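Here's the letter readout for the chains.
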Amino acid sequence: ARTGQKKDKSSVDAVACIPILKLPSGEKKLVLVKQFRPPIGRFALEFPAGLVDAGESYSTAALRELKEETGYEGVAVGESSILCNSPGMTSESIVAVLVEIDGSRAVNQNPKQKLEESEQGLQVLLANLKGLSGFLKSLPTDEVLIYSGLYTFAAALDVAHLL
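Residues numbered from 1 in each chain as written. Predicted model: local features only at pLDDT ≥ 70, side-chain atom pairs only at ≥ 80, totals over all residues. Heavy atoms only, no water.

> Looking at this model, I keep getting lost on the overall build of the protein chain. Mind explaining?
Each helix and strand counted, the protein chain has three helices and nine strands in total. When the elements of the protein chain are put in sequence order from the N terminus, they spell out β-β-β-β-α-β-β-β-β-α-β-α. The globule rule puts the C-alpha radius of gyration for 163 residues at 15 Å, and the 16 Å found for the protein chain is close to it. Counting only C-alpha atoms, the protein chain reaches 50 × 35 × 35 Å along its principal axes. Across the protein chain, 17 positive and 20 negative side-chain charges occur, with their mean positions spaced 3 Å apart. (Helix = DSSP H or I, 4+ residues; strand = E, 2+ residues; numbered from the N terminus. Rg over C-alpha atoms; globule rule 2.2 N^0.38 Å. Lys, Arg positive; Asp, Glu negative; His and termini not counted. Charge placed at Lys NZ, Arg CZ, Asp CG, Glu CD.)

Set out below in structure tokens:
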């Protein structure tokens, strides 16, 4: 993450992929990654995410990161506007990309990660959409922290049930 002033206020540092896996049974799961993050000294549970390469669209970057980090292949179905993660601490900006994954496709039956050296040990976790916030709250914070965007997503699912 950058901590200085950006030259271009419309530039985006990274993408976060919100991948929904539709299993052949019809059940839907959220695909998450758990990886050690040195700045927090423990694991973080997050959406697959990564930097946007020069000339790359946000959707293409999200699908690339999804494939590298989880092995899954999907279809981008929506993009957010430019978002900030922690505007009081950093100038980092992201775009969230909603991705649908067809679990019946052969490539998604037994997905294989294609991790970079710095990502070794990254674990893939499939989480139920129903009860997601309760699951996240149950995780021991001395071992794993939840990415704020993931918790916000889970809270939005809870609120949606109230409407």
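> Help me understand the nonpolar core, please; the structure alone is not making it clear to me.
In a soluble, globular protein the nonpolar side chains are often hidden away together inside. In terms of nonpolar packing, the biggest core is built from 15 residues, with Leu 30, Leu 132 and Leu 150 touching the most fellow members. Those elements giving two or more residues to this core turn out to be β1 (14–22), β2 (28–37), α2 (132–138) and α3 (148–162). Broken down by element, this core gets its largest block of residues, three residues, from α3. Each residue touching Leu 30, except ones within four places of it in the same chain, is listed here: Ile 18, Pro 19, Ile 20, Phe 47, Leu 125, Leu 126, Ala 127, Leu 129, Leu 132, Leu 150 and Phe 153. If you look at the next biggest cluster of nonpolar residues, it comprises 13 residues, including Cys 17, Leu 21, Val 31 and Tyr 72. (Core = buried A, V, L, I, M, F, W, Y, C linked by side-chain atoms within 4.5 Å. Buried < 20%, exposed > 50% of the residue type's maximum accessible area, 1.4 Å probe, protein only. Contact = heavy atoms within 4.5 Å.)

> What should I look at first to understand helix α1 (residues 58–70) in this one?
Given 3.6 residues to a turn, an α-helix orients residues that are three or four positions apart in the same direction. Taking 1.5 Å of rise per residue, the 13 residues of α1 would be expected to cover 18 Å, and the 18 Å separating its terminal C-alpha atoms lies within 8% of that figure. With respect to burial, α1 is a largely interior element, 10 of its 13 residues being buried. Every buried residue of α1 is accounted for by Ser 59, Ala 61, Ala 62, Arg 64, Glu 65, Leu 66, Lys 67, Glu 68, Glu 69 and Thr 70. Residues of α1 that are buried make contact with β1, β2, β4 (49–51), β5 (75–79), β7 (93–102) and β8 (123–128). Backbone geometry just after α1 places Gly 71 at a positive phi near 90°. (Expected span 1.5 Å × (residues − 1).)

> How do you make sense of the pattern of salt bridges when you look at a structure like this?
Opposite charge on two side chains lets them pair, provided their charged atoms get close. For the coordinates displayed, the defined rule picks out eight salt bridges. Here Arg 64 ties to Glu 65 by a salt bridge, and the two come within 2.8 Å at their closest N and O atoms. Per residue, the accessibility class of Arg 64 equals that of Glu 65, and both read buried. Of the charged contacts, one joins Glu 73 and Arg 105 as a salt bridge, the two residues approaching to 3.5 Å between their closest N and O atoms. (Salt bridge = Lys/Arg side-chain N within 4 Å of Asp/Glu carboxyl O.)

> What exactly am I supposed to notice about the packing of aromatic side chains here?
Ring pairs (aromatic) are described by centroid distance and by the angle formed between their planes. According to the stated counting rule, one finds three aromatic pairs in the structure shown. Between Phe 47 and Tyr 147, the ring centres sit 6.2 Å apart and the planes meet at 80°, which makes this aromatic pair edge-to-face. Placement of the pair is Phe 47 in the loop between β3 (42–46) and β4 and Tyr 147 in the loop between β9 (144–146) and α3, with a sequence separation of 100 residues. Looking at Tyr 147, the relative accessible area reads 22%, which means it is partly exposed. Here the aromatic rings of Phe 47 and Phe 153 are separated by 5.8 Å at their centres, their planes lie at 90°, and the arrangement is edge-to-face. Pair noted here: Phe 47 is in the loop between β3 and β4 and Phe 153 is in helix α3, with a separation of 106 residues, a long-range link. Each member of the pair, Phe 47 as well as Phe 153, carries the same accessibility label: buried. Members of the aromatic cluster, connected to one another through ring pairs, are Phe 47, Tyr 147 and Phe 153. Positioned above the aromatic ring of Phe 43 is the side chain of Lys 34, whose terminal nitrogen or guanidinium carbon lies 5.1 Å from the ring centre. (Phe/Tyr/Trp six-rings, centres within 6.5 Å; stacked < 30°, edge-to-face > 60°. Lys NZ or Arg CZ within 6 Å of the ring centre and 35° of its normal.)

> Can you help me understand a nonpolar patch on the surface in this one?
A cluster of nonpolar residues, Val 75, Val 77 and Leu 98, forms a patch on the protein surface that exposes about 230 Å² of accessible area. Examined against the element boundaries, Val 77 turns out to sit in strand β5. (Patch = residues over 30% accessible without salt bridge, like charges linked within 9 Å, V, L, I, M, F, W, Y side chains within 5 Å. Areas by Shrake-Rupley, 256 points an atom, 1.4 Å probe, with all protein chains shown as cover.)

Functional significance is not addressed by these values, which are geometric in nature.
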